[in-house]
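Listed below are the residues making up each chain.
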Amino acid sequence: MGEQKRKEQAKSDFIFGKKNYKFMLIGLAFIAIGFVLMSGGGSDDPNVFSPDIFSFRRIRMAPTLVLIGFGLQVYAILLNPNKKEKSKN
């Protein structure tokens, strides 16, 4: 009987809370948008140079979005879902 109770208790405990998963999804969206913005810029003809590969979007904005996304992922993992809000007296 004690083993069954332990199994039921283990099933109901989740590592992450709802807030953690929201931040993870937002972080994944930032990473995906960053990689989409980095793509492209090539030329169909290898003898022709395309200056589009050095645009602001590919050099600054897209990597920044990817780094923000990775930062959000770390924050989502480290966020404690069981932390109780302190009431002000």
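Each value, and the rule that gives it
- Residues numbered from 1 in each chain as written.
- Predicted model: local features only at pLDDT ≥ 70, side-chain atom pairs only at ≥ 80, totals over all residues.
- Heavy atoms only, no water.
- Axes fitted to C-alpha atoms, helices over the stretch in contact; angles between N-to-C directions.
- Helix = DSSP H or I, 4+ residues; strand = E, 2+ residues; numbered from the N terminus.
- Parallel < 35°, antiparallel > 145°, perpendicular 65-115°, else oblique.
- Left-handed = near helix turned anticlockwise from the far one by under 90°.
- Nonpolar A, V, L, I, M, F, W, Y, C, P; charged D, E, K, R; others polar.
- Buried < 20%, exposed > 50% of the residue type's maximum accessible area, 1.4 Å probe, protein only.
- Patch = residues over 30% accessible without salt bridge, like charges linked within 9 Å, V, L, I, M, F, W, Y side chains within 5 Å.
- Areas by Shrake-Rupley, 256 points an atom, 1.4 Å probe, with all protein chains shown as cover.
- Salt bridge = Lys/Arg side-chain N within 4 Å of Asp/Glu carboxyl O.
- Expected span 1.5 Å × (residues − 1).
- Arc of directions from axis to C-beta.
- Contact = heavy atoms within 4.5 Å.

Visitor: Explain the packing of helix 2 (residues 18–38) against helix 3 (residues 56–78) residue by residue, including any values.
Guide: When two helices pack together, their arrangement is given by the angle between the helix axes and the distance between those axes. Where helix 2 contacts helix 3, the axes come no closer than 8 Å and their chain directions differ by 165°. Judged on the interaxial angle alone, helix 3 and helix 2 are roughly antiparallel. Classified by chirality, the crossing of helix 3 by helix 2 is left-handed. Its residues placed into classes, the contact of helix 2 with helix 3 shows 21 nonpolar, five polar and two charged.

Visitor: Tell me about the environment of S55, and please be specific about residues and values.
Guide: Tracing the sequence through the fold places S55 in the loop between helix 2 and helix 3. Overall, S55 belongs to the partly exposed group, its relative accessible area being 22%. When the C-alpha atoms of S55 and M38 are compared, they prove to be 9.8 Å apart, with 17 residues separating the residues in sequence.

Visitor: So what's going on with a nonpolar patch on the surface? Which residues, and what values?
Guide: Taken together, the side chains of F49, I53, F54 and I59 define a hydrophobic patch exposed on the protein surface, amounting to about 420 Å² of accessible area. Here F54 lies in the loop between helix 2 and helix 3.

Visitor: A description of helix 2 should follow, citing residues and the corresponding values.
Guide: Taking 1.5 Å as the rise per residue, helix 2 with 21 residues should run 30 Å; its terminal C-alpha atoms sit 31 Å apart, in good agreement. All of the buried residues along helix 2 are N20, M24, G27, I31, G34 and L37. Mapping the buried residues of helix 2 onto a view down its axis gives an arc of 155°, with all of them on the same face. Along helix 2, exposed side chains directed more than 90 degrees from the buried face belong to K18, L25 and V36. Buried residues in helix 2 make contact with helix 3. Taken from the residues just after helix 2, G40 is the one with a positive phi, measuring 85°.

Visitor: Please give an account of helix 3 that cites residues and values.
Guide: Taking 1.5 Å as the rise per residue, helix 3 with 23 residues should run 33 Å; its terminal C-alpha atoms sit 32 Å apart, in good agreement. Looking only at helix 3, the buried set comprises R58, A62, L65, V66, G69, L72, Q73 and A76. On the buried face of helix 3, the contacting elements are helix 2.

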